[in-house]
Amino acid sequence: MSISHAPPTPSGPDMSDIYKNGADRPTPPELVPIVPLSTRRTRLPRWLRRTSGPLLLLALWQLLSSAGVLTPDILASPGTIARVGGNLVADGSLPNAMGVSLQRVAVGLLLGTLVGTGLALVSGLFRVGEDLVDASVQMLRTVPFVGLIPLFIIWFGIGEAPKIAIITLGVSFPLYLNVYAGIRGVDSQLIEAGESLGLSRWGLVRHVVLPGALPGAMTGLRYSLGIAWLALVFAEQINADAGIGFLMVQARDFLRTDVIVVCPIVYAFLGLLADFIVRSLERLLLQWRPTFTGR
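Residues numbered from 1 in each chain as written. Predicted model: local features only at pLDDT ≥ 70, side-chain atom pairs only at ≥ 80, totals over all residues. Heavy atoms only, no water.

**Describing the packing of aromatic side chains**
Aromatic rings in a pair are described by how distant their centres are and how their planes are angled relative to each other. Short version of the rule: To pair, rings of Phe, Tyr and Trp, with the six-membered ring standing in for Trp, must have centres within 6.5 Å; the planes then decide the type, stacked if under 30 degrees apart, edge-to-face if over 60, and tilted in the middle. Each helix corresponds to a stretch of at least 4 residues labelled H or I by DSSP, and each strand to a stretch of at least 2 residues labelled E; elements are numbered beginning at the N terminus. Burial classes: relative accessible area under 20% of the type maximum marks a residue as buried, over 50% as exposed, and values in between as partly exposed (1.4 Å probe, protein chains only).
Counted under the stated rule, the structure contains 5 aromatic pairs. Pairing Phe152 with Trp155 gives two aromatic rings, centres 5.9 Å apart and planes at 40°, and the pair type is tilted. Here the residue Phe152 and the residue Trp155 both occupy positions in helix α6 (residues 149-156), the gap between them amounting to 3 residues, near one helical turn. What makes Phe152 buried here is its relative accessible area of 8%. On the basis of relative accessibility, which here comes to 55%, the residue Trp155 falls in the exposed class. Taken together, the ring pairs in this structure connect Phe152, Trp155 and Phe156 into an aromatic cluster.

As structure tokens, then:
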């Protein structure tokens, strides 16, 4: 038996010998990090861009007042309004009014949140609850809550009760609609996945339905806060003896346009502060949900 040997393969020069003899090693390509367009820094800070619009409007307002286009009996200048606001803070009338108004909004918002969220849970989680609750709420929400002020005065008198009732009614409907839509908008496949994992009915509600409805609830809370301040403006016209609305009524009787303008500005800043708190709470509670933030 003959043994065949494979022909020797030609061997080239070893690369390590070439590098040892002084040849240059190949230069690796330079890596350039790819930065998404949404994370690239812009030339102007965002806070400056957000405040540029109000500052330009304020400058235009001051310019028109200085030129005599806006007379003090029509609309006071920003400088006058700032001075009057400082005087109201100094004598304590504005802080006291803000405290009373904030208390009314807080109580009305708390009651409205309990009523709206409770009805939404009953209607959203149970078909029987939907049949009993949803139709009535849909009819009542089409009635302007401001038009019910005379009826509330007859029912509750002219004290604090009708004011809080107006705020509660205005807050309830946006929360009901958004929480109900959030519950019914949960993906049915998530429910099936939870059932396949052995979750009970309460476990599905706690771990699947309520977290899925939380974004809608936070949106409803932001809407409700805006309506709460709107309802407060109307509520404090009902024989109020304290609050920001009471200052507006007094200023109207004495034709003080500067004080009248101070009060809506305070309303606006309180509303922005409340919205900032809700947005911060939303970012804290919804960290698990990545969303588009604009480009």
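**Quick look at the side chain of Arg104**
For the record, the criterion: What makes two residues a contact is simply this: any of their non-hydrogen atoms within 4.5 Å.
Among the secondary structure elements, Arg104 is positioned in helix α4 (residues 93-125). Look at Arg104 and you get buried, because its relative accessible area is 3%. Once you skip the residues sitting within four places of it in the chain, Arg104 turns out to touch Glu160, Lys163, Ile167, Leu232, Glu236, Ala240, Ala242 and Gly243.

**Observations regarding helix α5 (residues 127-141)**
Put simply, the test is: The span expected for a helix works out to 1.5 Å for each residue beyond the first. In this analysis the local bend is the angle between axes fitted, respectively, to the seven residues ending at and the seven residues starting at the residue.
An ideal rise of 1.5 Å per residue puts 21 Å on 15 residues; α5 measures up with 20 Å between its terminal C-alpha atoms. A maximum bend of about 35° is found in α5 at Val133. Along α5, the residues classified as buried are Gly129, Val133, Asp134 and Val137. Looking at the buried side of α5, the elements it contacts are α4 and α7 (160-184).

**Side note on the nonpolar core**
Threshold: Within this scheme, the nonpolar core is defined by two criteria: the residues are buried Ala, Val, Leu, Ile, Met, Phe, Trp, Tyr or Cys, and they are joined through side-chain atoms within 4.5 Å.
With 51 residues, the main nonpolar core has Ile166, Trp229, Ile244 and Val262 as its most contacted residues. Secondary-structure elements contributing two or more residues to this core are α3 (78-90), α4, α5, α6, α7, α9 (201-235), α10 (244-253) and α11 (257-285). Take this core: its biggest share by element is 11 residues, from α9. Contact partners of Trp229, with chain neighbours within four places excluded, come to Leu102, Val105, Tyr267, Leu270, Gly271 and Ala274.

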